[in-house]
There are 2 protein chains.
Amino acid sequence: MFRGGAVLRKVRQFIMQHNLISPGELVVVGVSGGPDSVALLHLLHLLGKEEGFSIHAAHLNHGLRPEAEEEEVFVRELAKSLGLGCTVDRAKVREEARAGRRSVEEAGRQARYAFFIRVAEELKADKVATAHHMGDQAETVLMHLLRGSGLKGLGGMSPRRGILIRPFLTVTRTDIMSYLEENRLDYCLDASNYDWDYLRNRIRHQLIPLLEKEYNPNIVASLCQLATVARDEDMVLEEMAVKAFKEIARPDQGGLVLNLETMQVLPVAVQRRVILLALKQLGGEQGWEMKDVQSVLELAQKAGSDKHICVGKNIWANKSYGRIIVRVGREKTRPFRYFLEIPGKTYIEEIRAELVCYLRKREDVWPSWDSVCLDWDKLKKPLEVRSRRPGDRFRPLGLGGTKKLQDFLVDCKVPVEQRDRVGILACEDEIYWVIGYRLDERAVIDDTTKRVLVVEIRKKQTH
Amino acid sequence: MFRGGAVLRKVRQFIMQHNLISPGELVVVGVSGGPDSVALLHLLHLLGKEEGFSIHAAHLNHGLRPEAEEEEVFVRELAKSLGLGCTVDRAKVREEARAGRRSVEEAGRQARYAFFIRVAEELKADKVATAHHMGDQAETVLMHLLRGSGLKGLGGMSPRRGILIRPFLTVTRTDIMSYLEENRLDYCLDASNYDWDYLRNRIRHQLIPLLEKEYNPNIVASLCQLATVARDEDMVLEEMAVKAFKEIARPDQGGLVLNLETMQVLPVAVQRRVILLALKQLGGEQGWEMKDVQSVLELAQKAGSDKHICVGKNIWANKSYGRIIVRVGREKTRPFRYFLEIPGKTYIEEIRAELVCYLRKREDVWPSWDSVCLDWDKLKKPLEVRSRRPGDRFRPLGLGGTKKLQDFLVDCKVPVEQRDRVGILACEDEIYWVIGYRLDERAVIDDTTKRVLVVEIRKKQTH
């Protein structure tokens, strides 16, 4: 009969509650040799015998401190004494940190997780267990809180994420120390110190003790409870947001187009999360702050159109006619001008379309959905397709007069950043066709027409 | 042209964003004479002239400190200098605290709000404004966090709650001080000190400065942003929970009965909130902690039935056949015994029913849905209706043998706390009818029956 039964019961219940390990599985346990991971290895080994799962130890020698060699030997011996397999590797953390321009702590963390996952893959193991406990969780919650986190950060570490499990998130540092004592287990002091970055270190040794002494002796448990609740509530809201995102956002115009009408009937909390999903999809997971989301939200709520903001990370958002368009980079279009091949094909990169032109006699022309007809003899030559120019005017068919092209495009609700990509079939300043929008009265075929210029538009698919 | 335009713009935008004041309204401003409330009065006065709303000052003299008289005079003069109406009253806060067994700070707070609301009612005012700013908000969030709050607490103070508005939740203490300076406004030092309870005081003077210096110089803004997000997210979840509560909970058995089948398909985060709503409905708004909710949730998740727990505040929860019954007090039923009036009516308090008994000849009896018939000549006398006793057995009709009453009730899924309230028609130990459940074989009428005892049950409606 071993000791520390209370801790074991707690962990067993936690494992069941969160479905962390099933019978028959193989669990790789990350062991630094410090108290937490030694207790975890020992406890999971015992529990595995009862519940029918297997354990394998994994130790990464960071080579950072003189004691690293001793620690490696210690972990090997510990695994051996429990009759467990053990995989050990060495990392060049300092070099990796320098190469990746990260802190040594961050590089160490990444190397460690990569190693554990690698061992799990090699052994075809089902889970990787780490020894994070309630104290670590409280620190994580405070770190996020101090950095200005939303609900997601307050959720702290999850008991399970993919194959990664944290069976000790239910026990305190004190629980672990008494488990070690009752089972007379040795451990290496400071072996897990590489897990402390500077901020975490100060939170652990300064802030939490202060909060415990002066504000709430149970602050660790309170923060862990907050984490549990926040994680569960976050999950509900995230599910709502993902569902809403699918309705609101569609990929278009080289980015994401959010339909404001659909979005703005939702609670503002869900709108924020939809915007965050859009930012993540375009700009990556990490580093978005509430102020970024807020700036897009404010853009959405502002009256008027055609406002642009840079959200950060070269992500631009633009409000335009009931939509928010989020894209990487602010769209810039250079002026363009192509002379048309007649007969022939002219590909126009800026409008992503090929214009196929040919001449026909009036009597040989039949209306078609993908072509337009112009009166060849009324047109000045040479014909070109170009982007708009300041002062452009034309005589939109059906209007009975001239109109500024600018005003016409506004009336057609062409987003401002799209206007420079509208193709104009013209000869110099005489516009015959605003491609995709309207013919000019002067180019239209009538009873006097003899020869017809047929222009077919072939849109190139964008992927 | 007055100064401090940036602060005014910020507050104006905040008022519009949260729809705090509409043109034509009258706003009572609580003024202690301290910097925050002096700035608020001045700023709202200016804004009111622009936006068309009116201001009235209200000051409660707490009579706690020697300066109280000076402060009262100061506020009167300030209001007068701005051409504003001003209502002043005096409170006996120390006496009220003693009588209500509250801290002086808490009694002061309550007296103040009650006074402001009273003034608003007398003047038929539309709003009551207080001068809580971002610093106060950050303190509130930290207080809740340190006490172990969920999402609701992290939401801090709302910009608007009923007629109460807080237009300064968008500005910092520094904003306020520069506003005062730029407008050359005097104020009383420490006039709002009565608003500091001990914990808030320490958070303000110890914890926030430490967090600002060592962890995050923008901690106040971060916590305020968290509050905004948490409040909005809380609102979404609360709406879901209230909707779910209506489906899951119904008042019954002197408490609330929660349908577990309906509840357990919901996300655990919503389940927690449904439980909290139940606890609040029975035990009042204040003082519920996550551990109380958690204990009910664990009860719901446990296998088996008939478990009781005391949640706190004399609220008991009981799991029973796919339901959680939450009620005030643990139900205790004393044994009961009534002799039946035959013919006549016998009211049995414990089963909340009246039994109407009469005798008929066999041929005069017709089956009826609200009565049972027993063979009068087979029954021992005198007949009684009593609660169950240990060792009770009977011969349930259709079973063809004897059965323990206890087992029978279990088979019928009668909740354990209901079993002592089942009425048994018997003569001493010979049971003829488990009222509402089953007749005994020995009491059933057959071909030999001559006289029939008819018993009608008249349930008393419970309200």
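The rules behind the values
- Residues numbered from 1 in each chain as written.
- Chains lettered and ligands numbered in written order.
- Predicted model: local features only at pLDDT ≥ 70, side-chain atom pairs only at ≥ 80, totals over all residues.
- Heavy atoms only, no water.
- Helix = DSSP H or I, 4+ residues; strand = E, 2+ residues; numbered from the N terminus.
- Rg over C-alpha atoms; globule rule 2.2 N^0.38 Å.
- Buried < 20%, exposed > 50% of the residue type's maximum accessible area, 1.4 Å probe, protein only.
- Contact = heavy atoms within 4.5 Å.
- Least-squares fit on C-alpha atoms with pLDDT ≥ 70 in both.
- Buried area = accessible area lost by both parts, 1.4 Å probe.
- Salt bridge = Lys/Arg side-chain N within 4 Å of Asp/Glu carboxyl O.
- Polar contact = N/O pair within 3.5 Å; in protein donor to acceptor, adjacent residues only side chain to side chain.
- Nonpolar A, V, L, I, M, F, W, Y, C, P; charged D, E, K, R; others polar.
- Disulfide = S-S within 2.5 Å.
- UniProt positions renumbered as here; feature names shortened; annotations may be inferred.
- Core = buried A, V, L, I, M, F, W, Y, C linked by side-chain atoms within 4.5 Å.

A. Focus on the overall build of chain A. Check the secondary structure of chain A and you find 15 helices and 22 strands. Expected size for 463 residues packed as a compact globule is a radius of gyration near 23 Å; at 33 Å, chain A overshoots this value by more than 25%. Every one of the 463 residues in chain A was classed for burial, and the buried ones make up 51%. Sequence-distant contacts in chain A: of pairs separated by 6 or more residues, those separated by 24 or more amount to 70%.

B. Representation of the environment of B:D447 in the model. Considering the arrangement of structural elements, one finds B:D447 in the loop between β21 (438–439) and β22 (451–459). Look at B:D447 and you get exposed, because its relative accessible area is 81%.

C. Expanded view of the relation of the copies chain B and chain A. With an axial shift of 0.1 Å and an RMSD of 0.3 Å, the rotation relating chain B to chain A amounts to 179°. Taken together, these values place the two copies in the relation of a two-fold axis. Mapped onto chain A, 100% of the interface residues of chain B again fall at the interface, so both copies present the same surface.

D. Inspection of the interface of chain B and chain A at higher detail. On the side of chain A, 38 residues touch chain B, which itself brings 38 residues to the contact. Both sides of the chain B and chain A interface together cover about 3,300 Å² of buried area, and 65% of this is carbon and sulfur. The largest share of the area that chain B buries against chain A comes from B:L146, B:Y215 and B:E233, three residues that together contribute 20% of it. Two residues, B:R272 and A:D232, come together in a salt bridge whose shortest N-O distance is 2.8 Å. Our count for the chain B to chain A interface comes out at 12 residue pairs in polar contact (both at pLDDT 80 or more). For the side of chain B that touches chain A, the secondary structure elements donating two or more residues are α6 (134–147), α7 (151–154), α9 (198–214), α10 (219–248), α12 (268–283) and α13 (290–301) of chain B. A per-class count over the side of chain B that touches chain A returns 22 nonpolar, 8 polar and 8 charged.

E. Seen up close, the environment of B:G52. All names here are of chain B. When you line up the elements, G52 lands in the loop between α2 (35–51) and β2 (54–61). Overall, the relative accessible area of 39% leaves G52 in the partly exposed class. Separated by 24 residues in sequence, G52 and R76 have C-alpha atoms that sit 23 Å apart. Once residues within four sequence positions are removed from consideration, G52 is found in contact with P23, G24, E25 and L47.

F. Representation of the state of the cysteines within the structure. All names here are of chain A. Tallied over the full model, the rule gives 0 disulfides over all chains. The thiol of C427 is unpaired, and the distance to the nearest cysteine sulfur, on C357, comes to 14 Å. Given a relative accessible area of 7%, C427 falls into the buried group.

G. Region of the structure containing the UniProt feature "domain: Lysidine-tRNA(Ile) synthetase C-terminal" (unreviewed entry) in chain A. In the UniProt entry, the feature "domain: Lysidine-tRNA(Ile) synthetase C-terminal" (unreviewed entry) is given for residues 383–455 of chain A. Segment residues 383–455 of chain A splits into 15% helix and 32% strand. End C-alpha atoms: 12 Å apart.

H. Up close: the nonpolar core. Membership of the largest hydrophobic core comes to 110 residues, with the highest contact counts inside it found for A:I203, A:L207, A:I324, B:I203, B:L207 and B:I324. Leave out the neighbours within four places in its chain, and A:I324 touches A:L256, A:V257, A:L258, A:L260, A:V296, A:L299, A:A300, A:A317, A:N318 and A:K319. One finds A:V7, A:L46, A:A79 and A:M157 within the second-largest nonpolar core, a separate group that totals 39 residues.

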